[in-house]
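# Chains, contacts and geometry: an overview
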Amino acid sequence: MRKSLKNRIATSRLALPVAALYAIIIGLLGGFIQHQQYWLQFAGFVLTTILLMQLNNICVLIRIYSRMVSCIFILLTCCASFLLFSLTGWAVTFLYVLCYLFLFTSYQEENAVGKIFYGFAALGIASFGYVHLLYYIPLFWILMKTNLMSWSVRTWGASLLGFLTPYWFASCWLLYQDKVEVFAQHFLPLADFSKSFDLSLLSIGQLSYLILLLIIWLISSFHFICQIFNDSIRTRMYYALFIWVAVLTGLFIFIQPQHYNMLIRIMTVNIAPLAAHYVTLSTHKHDDIFCYVMTVLILLLTGYNLWTI
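The rules behind these values
- Residues numbered from 1 in each chain as written.
- Predicted model: local features only at pLDDT ≥ 70, side-chain atom pairs only at ≥ 80, totals over all residues.
- Heavy atoms only, no water.
- 1 Å grid on protein atoms, 1.4 Å probe; cavity = no way out; pocket = protein on both sides within 12 Å on 5 of 7 lines; lining within 4 Å.
- Points joined across faces, edges and corners; volume = space filled by probe spheres on them.
- Nonpolar A, V, L, I, M, F, W, Y, C, P; charged D, E, K, R; others polar.
- Phe/Tyr/Trp six-rings, centres within 6.5 Å; stacked < 30°, edge-to-face > 60°.
- Lys NZ or Arg CZ within 6 Å of the ring centre and 35° of its normal.
- Axes fitted to C-alpha atoms, helices over the stretch in contact; angles between N-to-C directions.
- Helix = DSSP H or I, 4+ residues; strand = E, 2+ residues; numbered from the N terminus.
- Parallel < 35°, antiparallel > 145°, perpendicular 65-115°, else oblique.
- Left-handed = near helix turned anticlockwise from the far one by under 90°.
- Contact = heavy atoms within 4.5 Å.
- Salt bridge = Lys/Arg side-chain N within 4 Å of Asp/Glu carboxyl O.
- Buried < 20%, exposed > 50% of the residue type's maximum accessible area, 1.4 Å probe, protein only.

Right, let's get into empty space enclosed by the protein. For the structure shown, the criterion picks out one cavity of 30 Å³ or more. As a volume, the largest cavity reaches approximately 50 Å³. As for the largest cavity, its lining consists of Phe73, Thr77, Leu83, Trp90, Thr93, Arg265 and Thr268. In terms of residue class, the lining of the largest cavity is made up of three nonpolar, three polar and one charged.

Here we take up the packing of aromatic side chains. In total, this model carries 29 aromatic pairs according to the counting rule given. Each member of the aromatic cluster is reached from another via a ring pair, and the members are Tyr96, Tyr100, Phe104, Tyr107, Tyr135, Tyr136, Phe140, Phe224, Tyr238, Tyr239, Phe242 and Phe252. Note that Arg13 overlies the ring of Tyr65, its terminal NZ or CZ placed 4.3 Å from the centroid. Of note, Arg265 hangs over the ring of Trp90, and the distance from its end group to the ring centre comes to 5.1 Å.

This brings us to the packing of helix 10 (residues 204–226) against helix 11 (residues 233–255). Look at helix 10 against helix 11: their axes get within 11 Å of each other, and the N-to-C directions meet at 155°. Between helix 10 and helix 11, the angle falls in the class roughly antiparallel. Considering how the two elements wind past one another, helix 10 and helix 11 form a crossing that is left-handed. Here helix 10 contributes Leu210, Leu214, Trp217, Ser221 and Phe224 to the contact with helix 11, which in turn contributes Thr235, Arg236, Tyr239, Ile243, Ala246, Val247, Ile253 and Phe254. Broken down by class, the residue content of the contact of helix 10 with helix 11 amounts to ten nonpolar, two polar and one charged.

As a further point, take the pattern of salt bridges. Using the criterion set out here, one finds three salt bridges in the structure. Among the ionic pairs, Lys6 bridges to Asp288, the shortest N-O distance being 3.6 Å. Here the residue Lys6 occupies a position in helix 1 (residues 5–10), and Asp288 occupies one in helix 13 (residues 285–307), the gap between them amounting to 282 residues. Judged by relative accessible area, which is 5%, Asp288 ranks as buried.

The following block contains the structure:
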């Protein structure tokens, strides 16, 4: 098999340390020295990256040794440097990846009530920071049936119980504090569609990053579909899930662009493994050229977003 510079970088053990050093440099340029309160956000970035690495290791997302899932996530996140400074955003992203870790390990286990419970409990806690994650619950139920094959009456009940458990604890506390009206205020944004399809809400940097992700998603998904029989059935199911969640998240962004900063994080989490699979396993010369062009564009957009912070 032809092995280009791109493939050698993708399978190198130095790839992740170099990507981590790059993230530190971008963080410092973004103002983490001047504003020490942002160190907690950077810790959230680090923990999410480590969790994605664990997802790759446990679920074998790439059939050969590669740390590209974490490296691509670092590269894309640094590109959208305006995402680095939200503590709530990193808490939601970390819990979302944690949900994936539990759900993916329940593959073909119709009695995996514990894993499903913890996965949806993580999603429930994350919804405290971003209530629109409620929209993902029916989607995850469908994917449990079609992709993860872990759907049963018991796991469905476990998912409901898992998601509602954080709210049960929160409701007890709010009742004790006599602040029940906070619940209504929390769920009200679900019915707010006043700014639908208003892409003028997005800055040039935000819109450019969205277009970049869509291009990467399109090329990576096409490559995966063309090479689908080289991977195990389990891996195919995982990547089909990534593709569908990325598609629907992209649609959510167009429908409600006011939620861009949260939704683009979810989109990045789903596109990073697809891009990593493409970078690591593609072998044609035109794939090499595309990856080099995308790398240059990512670096240019990173510089632009850092400049406009």
